[in-house]
2 protein chains.
Amino acid sequence: MTYSLPLAAYQAARERIRPYVRRTPIAPALSLTDEMPSQLRLKLENLQVVGSFKPRGVFNTLLQRTPEERARGVVTASGGNHGVAVAYAAWRLGVPALVYLPATASDDRVGRVRAWGAQVVQQGHNWDDAHTAASAYAAAHQLPYIHPFDAEETLAGQGTLGLELLDDCPEIDCVIIAIGGGGLIAGMADALKQSKPDVRIVGVEPVGAASMQMAINAGRVVELPVVRTIADTLAPRAVAERTRALTAQYVDEIVLVDDADMIDSMQWLWLHYNQLVEPSGAAVIAALRTAKASVSSCQQPVALICGGNADAAPVWSRYSERAASLHNS
Amino acid sequence: MTYSLPLAAYQAARERIRPYVRRTPIAPALSLTDEMPSQLRLKLENLQVVGSFKPRGVFNTLLQRTPEERARGVVTASGGNHGVAVAYAAWRLGVPALVYLPATASDDRVGRVRAWGAQVVQQGHNWDDAHTAASAYAAAHQLPYIHPFDAEETLAGQGTLGLELLDDCPEIDCVIIAIGGGGLIAGMADALKQSKPDVRIVGVEPVGAASMQMAINAGRVVELPVVRTIADTLAPRAVAERTRALTAQYVDEIVLVDDADMIDSMQWLWLHYNQLVEPSGAAVIAALRTAKASVSSCQQPVALICGGNADAAPVWSRYSERAASLHNS
């Protein structure tokens, strides 16, 4: 079977979520040095509300619930950005939300979810554990479970980024997209290839969490025995059959990057564009800088900066210390 | 006398520097909460090359030197962003550059200047000390001294931001701009008020370095006995007569913000737009959040985020530690 959605589903999602999400900017061109292809453009989705693409899928999901359904509340599990997006969208729409996070989630992430009034339960070592617990709770209480990537409404929401890119750069001929559970790349690829079949689509995964590449090679979803990467938002142990199938159908190539490359590329984005992003947001830059992804034959390639929620707490500490020492001296 | 430049000087500067600087984006609207006026827009000049507005003035200056003059090199003194801009523009144009920085400049700033091949001399406790030493060196060696704010070419370059804002938001009726030596606000105000006299212009200074407010009140340049603020790029002890006179002529109001307000607003910009900026870049947000500047009567106000070069080193350290612990465990 195909999981492809009609183009109209992406267009409808775009209209539905328009009042709630931002049309994010394309970074002005002109890298400081010539080390990157000069035709490369960056789509700064880290400027999206709550700092990642996730609210697109979440708003598209919640806005299709009836008022009665919304009033009863929703449940989700997240390694980070999806949970913050559910918490924010639920706050915005007046929906009670229960967010399961792994016990290992940073204080920063837990705080961001709680800041929007969501209830947090911390359980398990990683997203998969939290997902199992949250799904069970939702089933027992007959509440909708908002899956971060394996749902039609989520896919349609993330795919709006494909349509937006076509408006931003009608001449786009290549796009580079990071892969976690695959909802973003599957939705974008489905919307893009239906609109413009010649667009080349390159996916990027962490070496330590290559669940999509494994699944594509195996022809079925494969569960990794272990994931090991600092890109916590790209690290589910397994993708979904839905996202695997769409990726197999539409994505031209998958490349892998390691943690050191992502940290290096976080610094590159900071030096060249003053954008502080999380490791997953820099994965596409790492793929280019290590020449694992090549765009030299493309006229109008775009790298999607999918998320920005880096842990900035050490910066505030440093400035607060500096102010204290200045004013108490 | 008036220091006002003909509008044509700003237009010529804009054409001159166009191949070397970015047209920076306006942040998409939609704050996460309703605490800010919903009509407020942010001009993200932190996305400019080398992370601040400074290259506009520097390129406008260097591009008007003859090849012979350029070959001999230039000298400047800077608390930070101007020095990086001179180093970068000099590298780009093949000009030798000597940059004086105060001995107190952070390793990060010194590194950024050196990264572009400029020679660094560290001297004195603050910008004014470095400026005195650099000016003496330039005079002794008959080299051009590139002043960070007190020069016609610098003013014309910074004023290009005013013309760009008019293109971005033709309906603009208010702009909020941070003040250090006053080159940015003077150039922008001169270009804006000649183009659209009704635009309201609000300046923002740190409480601990209110050299422009003092000068405006006194009707002449006043040297502060001491400056004390974490906004090191807004902290010269005195403005220039040129920038004072233009500010007196064109700027409607000056408000003051303290260091705690700026740190709080750095966090606000991070939470709402995932933009990490330096304290001076957040000063305009601090003025709004503390209600010292009001835009409630404006239809299309814009806050200029003038610089982004925060000290992000603690972030890289944290991620590198995390990766090391993950991969060595």
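Treat the numbers as computed from the prediction; the structure is a model and nothing was measured.

What counts and what doesn't
- Residues numbered from 1 in each chain as written.
- Chains lettered and ligands numbered in written order.
- Predicted model: local features only at pLDDT ≥ 70, side-chain atom pairs only at ≥ 80, totals over all residues.
- Heavy atoms only, no water.
- Helix = DSSP H or I, 4+ residues; strand = E, 2+ residues; numbered from the N terminus.
- Buried < 20%, exposed > 50% of the residue type's maximum accessible area, 1.4 Å probe, protein only.
- Contact = heavy atoms within 4.5 Å.
- Areas by Shrake-Rupley, 256 points an atom, 1.4 Å probe, with all protein chains shown as cover.
- Lys, Arg positive; Asp, Glu negative; His and termini not counted.
- Charge placed at Lys NZ, Arg CZ, Asp CG, Glu CD.
- Salt bridge = Lys/Arg side-chain N within 4 Å of Asp/Glu carboxyl O.
- Pairing = 2+ DSSP bridges.
- Right-handed = clockwise from strand over helix to strand, strands pointing away.
- Buried area = accessible area lost by both parts, 1.4 Å probe.
- Polar contact = N/O pair within 3.5 Å; in protein donor to acceptor, adjacent residues only side chain to side chain.
- Axes fitted to C-alpha atoms, helices over the stretch in contact; angles between N-to-C directions.
- Core = buried A, V, L, I, M, F, W, Y, C linked by side-chain atoms within 4.5 Å.
- Expected span 1.5 Å × (residues − 1).
- pLDDT = per-residue confidence, 0-100.
- Least-squares fit on C-alpha atoms with pLDDT ≥ 70 in both.

Asks: Explain the overall build of chain A here, please?
Replies: The helix and strand inventory of chain A stands at 13 helices and eight strands. Counting only residues that meet the buried cut, chain A has 63% of its 329 residues in that class. Taking the contacts inside chain A whose residues are at least 6 apart along the sequence as the reference set, 73% of them involve residues at least 24 apart. Here chain A has roughly 11,500 Å² of accessible surface; of this, 49% comes from carbon and sulfur atoms. Separation between the mean location of the 28 positive side-chain charges and that of the 33 negative ones in chain A comes to 4 Å.

Asks: Whenever I open this one, the pattern of salt bridges confuses me. Can you help?
Replies: Opposite charge on two side chains permits them to pair, given that their charged atoms come into close proximity. All names here are of chain B. Considering all chains together, one arrives at 40 salt bridges over all chains under this definition. With a closest N to O distance of 2.7 Å, Lys-43 and Glu-164 form a salt bridge. Taken together, the positions of Lys-43 in strand S1 (residues 41-44) and Glu-164 in helix H7 (residues 152-168) put the pair 121 residues apart, joining distant regions of the chain. Across this residue pair, the class does not change: Lys-43 and Glu-164 are buried. In this structure, the salt-bridge partner of Arg-289 is Asp-264, at a minimum N-O distance of 2.7 Å. A residue pair is termed long-range when its members are at least 10 positions apart, and Arg-289 in helix H12 (residues 279-289) and Asp-264 in helix H11 (residues 259-273) qualify at 25 residues. Judged by its relative accessible area of 31%, Arg-289 is partly exposed.

Asks: Would you explain the pairing of strand S4 (residues 119-122) of chain A in this entry?
Replies: Every other side chain in a regular strand lies on the same face of the sheet, so the side chains alternate between the two faces. All names here are of chain A. Pairing geometry for strand S3 (residues 97-101) and S4, over four bridges, is parallel. Across the sheet, Val-99 pairs through a bridge with Val-120, a residue of S4. The parallel pair S3 and S4 is bridged by helix H5 (residues 107-115), and the resulting crossover is right-handed.

Asks: Just checking my understanding: could you explain the interface of chain B and chain A for this structure?
Replies: By a widespread convention, an interface's size corresponds to the accessible area lost as its parts come together. Opposite the 55 residues of chain B that make contact, chain A presents 55 residues. For the pair chain B and chain A, the summed buried area comes to about 5,100 Å², and 65% of that belongs to carbon and sulfur atoms. For chain B, the biggest contributors to the area lost against chain A are Trp-270, Trp-316 and Tyr-319 of chain B; these three give 15% of the whole. Our enumeration of links across chain B and chain A arrives at four salt bridges. Of the charged contacts, one joins Asp-311 of chain B and Arg-322 of chain A as a salt bridge, the two residues approaching to 3.1 Å between their closest N and O atoms. At the surface where chain B touches chain A, the tally comes to 15 residue pairs in polar contact (both at pLDDT 80 or more). Secondary-structure elements contributing two or more residues to the side of chain B that touches chain A are helix H4 (81-93), H11 and helix H13 (313-328) of chain B.

Asks: Sorry if this is basic, but what is going on with the sheet that holds strand S4 (residues 119-122) of chain B here?
Replies: Note on sheets: strands pair through backbone hydrogen bonds, and any given pair is parallel or antiparallel. Residues and elements named next belong to chain B. Taken in spatial order, the three strands make up an open sheet running S2-S3-S4, and their pairing is parallel. Among the strands making up the open sheet, the edge pair consists of strand S2 (74-77) and S4. Put simply, the sheet's adjacent strands are angled 20 degrees from each other on average, direction ignored. Helix-sheet contacts for H4 involve S2 and strand S3 (97-101), and the interaxial angle to S2 is about 160 degrees.

Asks: Hey, could you run me through the side chain of Glu-164 of chain B in this one?
Replies: All names here are of chain B. According to the relative accessible area criterion, Glu-164 is buried, its value standing at 4%. For Glu-164, the side chain forms a polar contact with the side chain of Lys-43, separated by 2.7 Å. Engagement of the side chain of Glu-164 in a polar contact is seen with the side chain of Arg-56, the distance being 3.1 Å. Residue contacts for Glu-164: discarding those within four places in its chain leaves Arg-14, Arg-22, Arg-23, Thr-24, Lys-43 and Arg-56.

Asks: Can you walk me through the nonpolar core in this structure?
Replies: Generally speaking, soluble globular proteins have nonpolar side chains that are buried together. Leu-42 of chain A together with Leu-42 of chain B are the most contacted members of the largest nonpolar core, which totals 160 residues. Dropping the residues within four chain positions of it, Leu-42 of chain A is found in contact with Pro-25, Ile-26, Ala-27, Leu-269, Tyr-273, Ile-285, Ala-303 and Ile-305 of chain A.

Asks: Could you clarify how one ought to interpret unusual backbone geometry in this entry?
Replies: The phi angle of most residues is negative, glycine excepted, and most peptide bonds adopt the trans form. Residue and element names in this part refer to chain B. Even without a glycine there, the phi angle at Val-50 is positive, about 50 degrees. Locating Val-50 in the fold gives a position in the loop between S1 and helix H2 (54-62). Non-glycine residue Gln-142 carries a positive phi angle of around 50 degrees. Structurally, the position occupied by Gln-142 is in the loop between helix H6 (127-140) and H7.

Asks: I'm lost on helix H4 (residues 81-93) of chain A in this one. Help?
Replies: Because the α-helix completes a turn every 3.6 residues, residues three or four places apart line up on one side. Residue and element names in this part refer to chain A. Over its 13 residues, H4 extends 18 Å from the first C-alpha to the last, a length consistent with the 18 Å expected when each residue adds 1.5 Å. For H4, the set of buried residues is Asn-81, His-82, Gly-83, Val-84, Ala-85, Val-86, Ala-87, Tyr-88, Ala-89, Ala-90 and Leu-93. Buried residues in H4 make contact with helix H2 (54-62), helix H3 (67-72), strand S2 (74-77), S3 and H5.

Asks: I would appreciate a short explanation of the confidence of the model for chain A in the present structure.
Replies: In low-pLDDT regions, the fine details of the predicted coordinates are not to be read closely. Averaged over all residues, the pLDDT of chain A is 94; the fraction at 70 or higher stands at 100%. Reported confidences for the modelled complex are a pTM of 0.95 and an ipTM of 0.94.

Asks: Just checking my understanding: could you explain the environment of Glu-45 of chain B for this structure?
Replies: Residues and elements named next belong to chain B. With respect to the helices and strands, the residue Glu-45 is situated in the loop between S1 and H2. Residues Glu-45 and Cys-169, 124 residues apart in the sequence, show an inter-C-alpha distance of 15 Å. In terms of polar contacts, Glu-45 uses its side chain to reach the side chain of Arg-56, at 2.7 Å.

Asks: Help me understand the relation of the copies chain B and chain A, please; the structure alone is not making it clear to me.
Replies: Here two copies of a chain appear, and what relates them is a rotation about an axis with a shift along it. Once chain B has been moved 0.0 Å along the axis and rotated by 180 degrees, it coincides with chain A to within an RMSD of 0.0 Å. Overall, the copies show the geometry of a two-fold rotation axis. Proximity to the rotation axis, assessed at the C-alpha, singles out Pro-314 of chain B in chain B; its C-alpha lies 2.8 Å from the axis. Take the interface residues of chain B: 100% of them recur as interface residues in chain A, which is what a same-surface contact looks like.

Asks: Mind showing me how you'd approach the sheet that holds strand S5 (residues 174-178) of chain A here?
Replies: All names here are of chain A. Spatially, five strands are ordered S1-S8-S5-S6-S7 in an open sheet, and the strand pairing comes out parallel. This sheet does not close on itself; its edge strands, each paired only once, are strand S1 (41-44) and strand S7 (253-257). Strand after strand, the sheet turns through a mean of 25 degrees between neighbouring axes, direction not considered. Where S5 lies against strand S8 (residues 301-305), three bridges are found, and the strand directions are parallel. Note that in S8 the partner of Cys-174 across the bridge is Pro-301.

Asks: Sorry if this is basic, but what is going on with the pairing of strand S5 (residues 174-178) of chain B here?
Replies: Residues and elements named next belong to chain B. Of all five residues that make up S5, five are buried, and the element is covered over most of its length. In S5, alternate side chains face the same way, and those of Cys-174, Ile-176 and Ala-178 on one face and Val-175 and Ile-177 on the other are all buried. Taken together, the five bridges between S5 and strand S6 (residues 200-206) define a ladder with parallel strand orientation. From the neighbouring strand, Val-175 faces S6, where its bridge partner is Ile-201. Viewed along the sheet, the connection from S5 through helix H8 (residues 183-195) into S6 turns out right-handed.

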